[in-house]
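Summary of structural features
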Amino acid sequence: MKSILSGLILVLALFSVNASAQGNSEDNKIMSQLTTGAYSGPYYKSEEVKPLIVIQDDLKYYKIDDYTGIDPNWIVSTNILKGKEAADIFGESSKNGVIIFTLKKDDKAARKFFRTVKKNNIKV
């Protein structure tokens, strides 16, 4: 009786491990499809969801496409705004949130980067 019970426990354990591995595999497949844009199931969003990214200069904000050109050593502060707080300042363009970078004013490279941003982008 004892060996039958331990055998049954082993079979149940193997079954549950196999079932959970299959579930994880399917979840991983869906997550992979979501991140690559290949998923078209019930949670598919056709529009790209990106926050508004801006650089702040005193009370003026300048939009940038991405922050990869910003050296982390130039950053004084980073603020994230969402919801009503973001909408009050940035309107409809902030529907996916806002990331605000404030750069050092005494760093020559940071100021040069900021001048380039001001020249090439519109104020938000």
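In what follows, the accompanying structure is described. This one's a predicted model, so the numbers in the text were calculated from it and none came from an experiment.

1. Remarks on the overall build of the protein chain
Regarding its fold elements, the protein chain presents 3 helices and 4 strands. When the helices and strands of the protein chain are placed in sequence order, the string is α-β-β-β-α-β-α. In the protein chain, of all internal contacts separated by at least 6 residues, the share reaching a separation of at least 24 is 64%. With an accessible surface of roughly 9500 Å², the protein chain has 57% of that area assigned to carbon and sulfur atoms.

2. Observations regarding the pattern of salt bridges
Enumeration over the complete set of coordinates arrives at 4 salt bridges. Across the salt bridge formed by arginine 111 and aspartate 57, the nearest N and O atoms sit 4.0 Å from each other. Taken together, the residues span a long stretch of sequence, with arginine 111 in helix 3 (residues 108–120) and aspartate 57 in strand 1 (residues 52–57) at a distance of 54 residues. The exposure class assigned to aspartate 57 is buried, which follows from its relative accessible area of 10%. What emerges from the salt-bridge pattern is a single network uniting Asp57, Arg111 and Lys118.

3. Overview of the nonpolar core
Ile55, Ile70, Leu103 and Phe113 are the most contacted members of the largest nonpolar core, which has 13 residues in total. When residues of this core are assigned to their parent elements, the largest contribution, 4 residues, is made by helix 3. Filtering out sequence-adjacent residues up to four positions away, isoleucine 70 remains in contact with Ile55, Ile64, Ile75, Phe101, Leu103 and Phe113. By size, the runner-up hydrophobic cluster in this structure holds 8 residues, among which are Leu52, Val54, Tyr61 and Leu81.

4. Examining the pairing of strand 4 (residues 98–103)
Most of strand 4 sits inside the fold, with 6 of its 6 residues counted as buried. A two-sided burial pattern is seen for strand 4, the buried positions comprising Val98, Ile100 and Thr102 on one face and Ile99, Phe101 and Leu103 on the other. Bridge analysis of strand 1 against strand 4 gives 5 bridges, and the strand direction is parallel. Each bridged residue has a counterpart across the sheet, and for isoleucine 55 the counterpart in strand 4 is phenylalanine 101. Where strand 3 (residues 75–81) lies against strand 4, 6 bridges are found, and the strand directions are antiparallel. Bridge pairing links isoleucine 80 to isoleucine 99 in strand 4.

Conventions we followed
- Residues numbered from 1 in each chain as written.
- Predicted model: local features only at pLDDT ≥ 70, side-chain atom pairs only at ≥ 80, totals over all residues.
- Heavy atoms only, no water.
- Helix = DSSP H or I, 4+ residues; strand = E, 2+ residues; numbered from the N terminus.
- Contact = heavy atoms within 4.5 Å.
- Areas by Shrake-Rupley, 256 points an atom, 1.4 Å probe, with all protein chains shown as cover.
- Salt bridge = Lys/Arg side-chain N within 4 Å of Asp/Glu carboxyl O.
- Buried < 20%, exposed > 50% of the residue type's maximum accessible area, 1.4 Å probe, protein only.
- Core = buried A, V, L, I, M, F, W, Y, C linked by side-chain atoms within 4.5 Å.
- Pairing = 2+ DSSP bridges.

Read these as geometric descriptors, not functional statements.
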